[in-house]
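Close look at the chain arrangement
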Amino acid sequence: MDVKDRRALLRQTADIAAEFLERLPERPVWPPVDLAALREALGGPMPERGEDPQGMIDALARDAEPGIVGTAGPRYFGFVVGGGVPASLAADWLTSAWDQNAGLYALSPAASVVEEVAAGWLVDLFGLPAGSSVGFVTGATMANFTAIAAARHRVLEAAGWNHEEDGLIGAPPIAVVVGDEAHVTIFVSLQMLGLGRARVHRVAADEQGRMRPDALRETLARIDGPTIVCAQAGNVNTGAFDPLPEIVAAVRERPNAWLHIDGAFGLWAAAAPGLRDRIEGLDGADSWTTDAHKWLNVPYDSGIVVVRDAAAHHAAMTLGASYYIETAGGERDPYNWVPESSRRARGFAVYAALRSLGRTGLADLLERCCSIARRMADGLRAAEGVTILNDVVLNQVLVRFEPRGSASGDAEATDAFTRAVIAAVQADGTCWLGGTTWHGMAAMRISVSNWSTTEADADMSVEAILRCARTVAEALPATAAGS
């Protein structure tokens, strides 16, 4: 392909992308997907001869469209998924064009320096200790993996064991302590790190999912030796924060303990003056994780890990090879801070998002999402038979729907009705949200995380949810409705 044809291809692709984004607010958020048709359109044998790129891109856009979910749009409220602020999206396009391997400074000085700058901005934004090290990873799983790997290194070193050289066989046992509402990515990380999913000490949580400090102290009193405690900033269902000051104080009484905070989306509260009180005590931990593809609204994938003890972070991650050209001075070799060697230069999109939003723009985005979550909760709460299960302290709303006329306390009927309403809303297409089980109860889960979501989107979505609830209720047999 010559230069002229390549330019035409890229312009064509940019036009397709721009048209998709312009149509996004009007198209169904979750299109009615025909799996067989999607496989037929996109499948078949691999071509013997290469196809014309422009025709192929046109065909890909056309054939994939029926299976593209509007996760980047303003009325997607599922799974704490953000969109992509325009500058970050544009930087992500440039990242692909530049095609930099962000493993070593020698492979891309610009990628290295941009990560270095963005890392400093993030540490400052979150109010974390100066000198903390930062790694840019795929998401919360690898961020938690990296942080707990650093923790494993430090607590075993303090116990006289070199894990990187000698492995875990024969090592002093590590006690891992988590809250009852710890996210699954913590357990996956423990599984991959050889610390085990089932060996953890679980600490009771309160009605909002917050770890109970008194229960933590009781748990810590029963264990000895190297200890890793995992707390949470932003419960995935309720948005609630573990009481960090009390947790920090309890962990700091231990002679060889590390405190990690999983803040996949809640950590961003530290960047907004109106939300910062929820995360008091944050800087007392040893490591922190979050996702930029959630509330910073950076295109996937983009996770972040921050570690107070840079030496432990480096020791747990660095690998080295005879042909790697490592820097001899102060330059940053990004692979020293993440589980990967070759990888995408994720720092460009994070840098662009932070620079385009600025402190005030980011704070406004975060606080606006929380305000919209409260607005949706209030709009739903006002309707008959609707219960908001959580204190809406962040961007999460848990909703439960009771069928009219059902016997009071008929949990099974309410569970079934709630799930039916969720399914109806998902099929309706006005907005998309997910379901969850909270304290044994079926619930609708609304996550407001997108930079482009407006109050009008919230009101339209509340109206659609209540309309779907009425439709489901009208379809119930008379006996099921209790009439």
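One can find the structure itself at the top, above this paragraph.
Note that the coordinates shown come from a computational prediction; the quantities given were computed from them, not determined experimentally.

With that out of the way, let us pick up the overall build of the protein. In terms of helices and strands, the protein carries 15 helices and eleven strands. Dimensions of the protein, computed from C-alpha atoms along their principal axes, come out at roughly 70 × 70 × 45 Å. Going through the 483 residues of the protein one by one, you find that 49% of them count as buried. Expressed as a percentage of contacts within the protein between residues at least 6 apart in sequence, the contacts between residues at least 24 apart total 73%. When the accessible surface of the protein is summed, it comes to about 21300 Å², and 54% of that surface belongs to carbon and sulfur atoms. Across the protein, the mean location of the 41 positive side-chain charges is 1 Å away from that of the 60 negative side-chain charges.

Further remarks concern helix α5 (residues 109-126). The end-to-end C-alpha distance of α5 is 26 Å, a good match for the 26 Å that 18 residues give at a rise of 1.5 Å each. Listed as buried for α5 are A111, S112, V114, E115, A118, A119, L122, V123, L125 and F126. One face of α5 carries all of its buried residues, which in axial projection span an arc of 165°. On its buried side, α5 packs onto β1 (133-137), β6 (287-291), β7 (303-307) and α12 (347-381).

Before going further, it helps to spend a moment on unusual backbone geometry. When glycine is set aside, most residues are seen to have a negative phi, and most peptide bonds are trans. Put simply, Y300 and D301 share a cis peptide bond, and its omega is -5°. For D301, the location among the structural elements is in the loop between β6 and β7. A positive phi angle, near 60°, is found at F79, a position not held by glycine. For F79, the position within the fold is in the loop between α3 (53-64) and α4 (86-98). On the basis of relative accessibility, which here comes to 53%, the residue F79 falls in the exposed class. Even without being glycine, N297 reaches a positive phi, approximately 60°.

Conventions and cut-offs
- Residues numbered from 1 in each chain as written.
- Predicted model: local features only at pLDDT ≥ 70, side-chain atom pairs only at ≥ 80, totals over all residues.
- Heavy atoms only, no water.
- Helix = DSSP H or I, 4+ residues; strand = E, 2+ residues; numbered from the N terminus.
- Buried < 20%, exposed > 50% of the residue type's maximum accessible area, 1.4 Å probe, protein only.
- Contact = heavy atoms within 4.5 Å.
- Areas by Shrake-Rupley, 256 points an atom, 1.4 Å probe, with all protein chains shown as cover.
- Lys, Arg positive; Asp, Glu negative; His and termini not counted.
- Charge placed at Lys NZ, Arg CZ, Asp CG, Glu CD.
- Expected span 1.5 Å × (residues − 1).
- Arc of directions from axis to C-beta.

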